Amino acid sequence: MSDELRDLAVRLATTAAESAYRSRLEGVEVADLKSSPTDVVTAADRATEAYLRAELARLRPADGFFGEEEGRSDSGDRGSGLTWVVDPIDGTVNYLYQLPAWAVSVAVVEGPVGAGGHTLAGCVAAPAAHEVYAAAADQGATRNGQRLHLEPKHDLATALIGTGFSYSAERRTEQAELVARLIGQVRDIRRIGAASLDLCAVAAGRLDGYYESGLHPWDHAAGSLVVREAGGTVGGGPHGEHEDATFLLAANAGLYPPLSAAVGAAGA
Ligand code: IPD
C-alpha cells in the first residue's frame, strides 16, 4: 500500500509545486503575517494548501488532513486512520525572495501525527531546484527517480551540518547560542531555509547532519522518511510549548551519535 500512497503523494506534490512555481513567475502576494512580522504567509501558500486539501478530500475521503495554514480536518467515524500532513510551501521566505530552496512537502501518516505515528510515504517537490524526493516505508528513497543510499561517516570535525531558525526572536537567541557552541566542532554550518530540503540534503549526502528546535509535523514528516529510507537516522523529542513542536536531529547513521552528543541538552 505504501508505494501507491507514495505515487499519489508524488503526483499531488509535483502538480501543486509546478503551479506555485508558475505563480511565482507572475509575482508574489503576502497574504498575512503569522506568529511574528518575519513569519509571512503568501497567497500561494494558501492556494497550494487549498488545492491539496480539496484533491485529497476527493480522492481519499476517509483520510484526515493536517496542513500548516489551516490545521486539521478529519473524517470522523469514517476515518481510515491515515492523515496527510502537508507543508504547502516549505521555505516561504525563500519563495518570497525567489531563492530556489522551497518545496511542497506531502506525507501520509498512519496513527497519531507525531509520537506513535508511522509515516508510510512522502514527497518533497522542489521545482525551482528541479528536484523531487520521494520515499515509501521499507521501500527506499529516491531523488528524481534515482535511489538514495548513504555510506556511513563518523567524523564530526569534518561534518557539514544544517540547521534552521524559528520565527520567534526568543527562540532564535537560544538557537544562535547552540550554533556558537557547535561551529568550532564541525566543518561548517548551513542554513538552507526549508526544513524539508535540509532533510532531503541529509538523505542525499549534501549535508552530513541537520538539527532544528521547534519544528512542526508539516516541516519534517516527508523529509524524515526520505532520510530514514536512504539509510540515515532521525530522532528527537518534544520541544517548546506547542503540542506538536519537536527538536529534530537527522544525520548519516555514523554521525548521529557524535552529533547528538554535541547538540546535547539543547535538544531536551
Ligand atoms: C520554515 C522553514 C525553515 C525552518 C523553520 C520553518 P515555512 O517553514 O522550514 O527552514 O527553519 O523552522 O518554520 O514557514 O517556510 O513553511
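This is a predicted model, so every value here is computed, not measured.

**Digging into helix 2 (residues 43-59)**
In this model helix 2 runs 24 Å from its N-terminal to its C-terminal C-alpha over 17 residues, within 8% of the 24 Å that 1.5 Å per residue would give. Among the residues of helix 2, A44, D45, T48, E49, L52, E55 and L56 are the ones counted as buried. Within helix 2, the buried residues cover an arc of 135° as seen down the axis, which keeps them to one side. Along helix 2, exposed side chains directed more than 90 degrees from the buried face belong to A57 and R58.

**Re the nonpolar core**
Residues V85, V124, L148, L197, Y210, V226 and V227 are the most contacted members of the largest nonpolar core, which totals 36 residues. Breaking this core down by element, the ones donating at least two residues are strand 6 (103-110), strand 7 (118-126), strand 8 (131-136), helix 5 (195-203), strand 13 (209-215), helix 6 (217-229) and strand 15 (246-251). Top contributing element to this core by residue count: helix 5, with 7 residues. Excluding residues that lie within four positions of it along the chain, V124 makes contacts with A103, V104, S105, E131, V132, Y133, S196, L197, C200, A222 and G223.

**Remarks on the side chain of T42**
In this fold, T42 is placed in strand 2 (residues 40-42). For T42, the side chain forms a polar contact with the side chain of D45, separated by 2.6 Å. With residues near it in sequence (within four places) discarded, T42 still touches V28, E29, V30, A31, I89, T92 and Y95.

**What about a nonpolar patch on the surface?**
Among the surface-exposed residues, V93, Y97 and L99 lie close enough to one another that they form a single nonpolar patch of about 310 Å² accessible area. Mapping L99 onto the fold places it in the loop between helix 3 (92-97) and strand 6.

**Remarks on the packing of helix 5 against helix 6**
Interaxial distance between helix 5 and helix 6 falls to 8 Å at its minimum, and their mutual angle equals 5°. Accordingly, the angle class assigned to the pair helix 5 and helix 6 is roughly parallel. Between helix 5, through A195, S196, L199, C200, V202 and A203, and helix 6, the contact on the second element is made entirely by D219, H220, G223, S224, V226 and V227. Split by residue class, the contact of helix 5 with helix 6 holds 7 nonpolar, 4 polar and 1 charged.

The rules we used
Each chain has its residues counted from 1, running along the sequence as written. In keeping with the model being predicted, local features are shown solely for residues with a pLDDT of at least 70 and side-chain atom pairs are shown and tallied solely at 80 or more, while totals for entire chains, interfaces and linings include all residues. Each side-chain value is worked out from all heavy atoms of the structure, with water and hydrogens disregarded. Secondary structure elements are taken from DSSP: a helix is a run of H or I of four residues or more, a strand is a run of E of two residues or more, and numbering for both begins at the N terminus. Residue count minus one, scaled by 1.5 Å, sets the expected span of a helix. Exposure classes here rest on a 1.4 Å probe applied to the protein chains alone. A residue is buried below 20% of its type maximum, exposed above 50%, and partly exposed in between. By construction, the arc corresponds to the directions joining the helix axis to the C-beta atoms. Among buried residues, the Ala, Val, Leu, Ile, Met, Phe, Trp, Tyr and Cys ones that are joined through side-chain atoms within 4.5 Å form a nonpolar core. Any two residues whose heavy atoms approach within 4.5 Å at even a single point are treated as in contact. Here a polar contact means two N or O atoms within 3.5 Å. Within protein one must be a hydrogen donor candidate and the other an acceptor candidate, and residues neighboring in sequence count only if both atoms are side-chain atoms. Residues enter patches when they are more than 30% accessible in relative terms and free of salt bridges; like-charged ones are connected within 9 Å and nonpolar ones (Val, Leu, Ile, Met, Phe, Trp, Tyr) within 5 Å. Every accessible area reported is derived by Shrake-Rupley at a probe size of 1.4 Å, with residue values counting cover from the shown protein chains alone. The rule for a salt bridge is simple: a side-chain nitrogen of Lys or Arg has to be within 4 Å of a carboxyl oxygen of Asp or Glu. Geometry is summarised by axes, namely lines fitted to C-alpha atoms with helices restricted to the contacting stretch, and by angles between N-to-C directions that run from 0 to 180 degrees. If an angle is under 35 degrees, it is roughly parallel; if it is over 145, roughly antiparallel; if it lies from 65 to 115, roughly perpendicular; otherwise it is oblique. For this scheme, ten residues count as nonpolar: Ala, Val, Leu, Ile, Met, Phe, Trp, Tyr, Cys and Pro. Four count as charged, namely Asp, Glu, Lys and Arg, and the remainder, Gly too, count as polar.

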